[in-house]
Amino acid sequence: MTAPAPPPASPVLGVAAHDGIVAHGLARSFGAVHAVRDVSLTVPAGSVTALVGPNGSGKTTLLLILATLLRPDAGAVSVAGVDAVREPVEARRRLGWMPDTLGVWEELTCHDILASLGRLYGMGKAEASARADEQLAWVELTEFAHRPARVLSRGQQQRLSLARATVHRPSVLLLDEPANGLDPAARIRLRDDLRAMAAAGTAVLVSSHVLAELEEMSDRAVFLREGATVATQEFRAADDLARPYRIAGPDPTARDTLVR
Ligand SMILES: Nc1ncnc2c1ncn2[C@@H]1O[C@H](COP(=O)(O)OP(=O)(O)OP(=O)(O)O)[C@@H](O)[C@H]1O
Ligand SMILES: [Mg+2]
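Asks: Would you take a moment to explain the side chain of Ser 218 for this structure?
Replies: By the element assignment, Ser 218 lies in the loop between α7 (211-215) and β9 (220-225). At 2.8 Å, the side chain of Ser 218 and the backbone oxygen of Leu 214 are in polar contact.

Asks: I'm lost on helix α5 (residues 154-165) in this one. Help?
Replies: Because an α-helix packs 3.6 residues into every turn, residues spaced three or four apart end up facing the same way. In a regular helix each residue adds 1.5 Å, so 12 residues correspond to 16 Å; α5 covers 16 Å between its end C-alpha atoms and thus fits that length. Those residues of α5 not exposed but buried are Gln 156, Gln 158, Leu 160, Ser 161, Leu 162, Ala 163, Arg 164 and Ala 165. Where α5 is buried, its residues touch β6 (95-98), α3 (110-120), α4 (125-138), β7 (172-175) and α6 (184-199).

Asks: Whenever I open this one, the nonpolar core confuses me. Can you help?
Replies: Across soluble globular proteins, you tend to see nonpolar side chains buried next to one another. Judged by nonpolar contacts, the single largest core of 37 residues is most densely connected at Leu 136, Leu 160, Leu 162, Leu 173, Leu 175, Leu 194 and Val 204. Secondary-structure elements contributing two or more residues to this core are β3 (47-52), α3, α4, α5, β7, α6 and β8 (203-208).

Asks: I keep staring at unusual backbone geometry and nothing clicks. Help me out?
Replies: For residues besides glycine, phi is generally negative; the peptide bonds are generally trans as well. Although it is not a glycine, Arg 169 sits at a positive phi angle of roughly 55 degrees. Examined against the element boundaries, Arg 169 turns out to sit in the loop between α5 and β7. For Arg 169, a relative accessible area of 22% gives the class partly exposed. The phi dihedral of Glu 226 is positive, around 45 degrees, even though this residue is not glycine. Mapped onto the fold, Glu 226 is located in the loop between β9 and β10 (228-234).

Asks: Explain the packing of α3 against α4 to me, please; I cannot follow it from the model alone.
Replies: Each pair of packed helices can be summarised by the angle the axes make with each other and by the distance between the axes. It is the contact of α3 with α4, at a shortest axis distance of 8 Å, that shows an interaxial angle of 130 degrees. Taken together, the axes of α3 and α4 lie oblique to each other. The two elements α3 and α4 meet at a crossing, and its hand is right-handed. Across the interface between the two elements, Cys 110, His 111, Leu 114, Ala 115, Gly 118 and Arg 119 of α3 pack against Lys 125, Ala 128, Ser 129, Ala 132, Asp 133, Gln 135 and Leu 136 of α4. A per-class count over the contact of α3 with α4 returns 6 nonpolar, 4 polar and 3 charged.

Asks: It is not clear to me how the layout of surface pockets should be interpreted in this structure. Could you clarify?
Replies: Empty space among the atoms becomes apparent when a probe as large as a water molecule is rolled across them. Estimated volume of the largest pocket: approximately 440 Å³. What lines the largest pocket is a set of 15 residues, and nearest its centre among them are Arg 92, Arg 93, Leu 95, Tyr 121 and His 168. Every element with two or more residues in the lining of the largest pocket is listed here: α2 (88-94), β6, α3 and α5. Each of domain 1 (21-102 + 172-259) and domain 2 (103-151) gives at least three residues to the lining of the largest pocket.

Asks: Looking at this model, I keep getting lost on the site of ligand 1. Mind explaining?
Replies: Around ligand 1, the neighbouring residues are Phe 30, Val 33, Ala 35, Pro 54, Asn 55, Gly 56, Ser 57, Gly 58, Lys 59, Thr 60, Thr 61 and Glu 177. The side chain of Asn 55 places a nitrogen or oxygen atom 2.9 Å from an oxygen atom of ligand 1. The separation between an oxygen atom of ligand 1 and a polar side-chain atom of Thr 60 is 2.8 Å. Burial of ligand 1 by the protein chains amounts to 58% of its free accessible area of 640 Å².

Asks: What am I meant to see in the environment of Ala 45 here?
Replies: Tracing the sequence through the fold places Ala 45 in the loop between β2 (33-43) and β3. Between the C-alpha atom of Ala 45 and that of Ala 80, which follows or precedes it by 35 residues, the distance is 8.5 Å.

Asks: Explain the environment of Leu 162 to me, please; I cannot follow it from the model alone.
Replies: With respect to the helices, strands and loops of the structure, Leu 162 is situated in helix α5. The class for Leu 162 is buried, based on a relative accessible area of 3%. Sequence-distant contacts of Leu 162, defined by excluding residues within four places in its chain, comprise Met 98, Trp 138, Leu 173, Leu 175, Asp 193, Leu 194 and Met 197.

Asks: Help me understand α3, please; the structure alone is not making it clear to me.
Replies: When we look at burial in α3, the residues that qualify are Cys 110, His 111, Ile 113, Leu 114, Ala 115, Leu 117 and Gly 118. Summarising the contacts, the buried residues of α3 are in contact with α4 and α5. Backbone geometry just downstream of α3 places Gly 122 in the positive-phi region, at approximately 100 degrees.

Quick notes on the rules
Numbers given to residues run from 1 along each chain, matching the order in which its sequence is written. Labels are handed out in written order, letters beginning with A for the chains and numbers beginning with 1 for the ligands. Selection of residues for local features in this predicted model requires a pLDDT of at least 70, selection of side-chain atom pairs for listing and counting requires 80 or more, and totals for whole chains, interfaces and linings are taken over all residues. The basis for every side-chain value is the complete set of heavy atoms in the structure, and neither hydrogens nor water enter the calculation. Runs of E in the DSSP output that reach at least two residues are strands. Runs of H or I that reach at least four are helices, and both are numbered from the N terminus. Distance and chemistry together define a polar contact, namely a pair of N or O atoms within 3.5 Å, with one atom able to donate a hydrogen and the other to accept it when in protein, and with adjacent residues in sequence counting only for side-chain atoms on both sides. For a helix, the expected span equals 1.5 Å multiplied by the residue count minus one. The buried label applies to any residue whose accessible area, calculated with a 1.4 Å probe on protein chains only, is under 20% of its type's maximum; exposed applies above 50%, and partly exposed to all values in between. Throughout, a contact is declared for two residues whenever any of their heavy atoms are within 4.5 Å. Buried Ala, Val, Leu, Ile, Met, Phe, Trp, Tyr and Cys residues that are joined via side-chain atoms within 4.5 Å together make up what is termed a nonpolar core. Note on geometry: axes are lines fitted to C-alpha atoms, helical ones only across the stretch in contact, with angles between N-to-C directions running from 0 to 180 degrees. Angle categories are assigned with fixed cut-offs, so that under 35 degrees is roughly parallel, over 145 is roughly antiparallel, 65 to 115 is roughly perpendicular, and the rest are oblique. Should the near helix be turned counterclockwise from the far one by less than a right angle, the crossing is left-handed, whereas a clockwise turn marks it as right-handed. All residues other than Ala, Val, Leu, Ile, Met, Phe, Trp, Tyr, Cys, Pro, Asp, Glu, Lys and Arg, Gly among them, are scored as polar; the first ten of these are nonpolar and the last four charged. Method remark: on a 1 Å grid restricted to protein atoms, a set of points is classed as a cavity if a 1.4 Å probe fits but cannot get out and as a pocket if it is open with protein on both sides within 12 Å along at least five of seven lines; lining residues have an atom within 4 Å of a point. Grid points are joined across faces, edges and corners, and a volume is the space filled by probe spheres set on the points. For each domain, the first and last residues come from an automatic or database assignment. Proximity criterion: a residue is near a molecule or strand once any of its heavy atoms comes within 4 Å of it. A 1.4 Å probe and the Shrake-Rupley method give the accessible areas. Residues count as covered only by the protein chains that appear here.

Structure below.
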């Protein structure tokens, strides 16, 4: 018998056993707007869960609640076993948050952005600097280490944002529309990175308004409509049923080349 292959290298290897996210009955209004009305969901450790819903369905509001950046009006959230409403600081140590825009101090260099974050998470100066270098190598932005973040392309900004969200090795990772604006190669990279993190034990929740964008990188999807969770789908189980595809075209040779 051969030993199982080790999980792919990722900066979150070795995260402790934990419970991912468990949320019940979440609600949050802005005046008369009920952005999140009734959300219950789980994000198991070791998996990638997609949060799918149309524009305005409450994805960002929900993610902000889970990230402890917005207080719910009602409901409970546990992040890695911590009550995130009562103990937001403890929860924040365990979670990483990748917002839908990078929103950094644009004049700071990529290295300094990551090192500053490391310092805010309590690392010493040397450790934070070494961690910044490690993160930049992981997302292949070492050549930009000492250049300001404003020079980065959209795809590079997303990679820096991922490096920033994981600088403290969180066991829960929340990403708001990370695939938005990425080309196919960058999307494959994102998929590989998120899958590697899940394989290392991280609970990953990733949002999009298009299911197709996330389907290949997720184990399951939670669907949100008008601020409420309406369904959950397990993809691995769905894959077992095998999906039939029919590809038609005028030139069978060209078709065969395309699908090979
Ligand atoms: N700070 C706020 N003040 C007032 N209304 C808000 C606020 N934040 C969100 N909303 C409203 O809550 C609803 C849900 O917004 P949210 O940004 O959570 O949706 P979303 O699913 O992330 O949409 P998108 O796909 O466009 O990013 C919308 O009707 C929005 O206008
Ligand atoms: Mg949003």
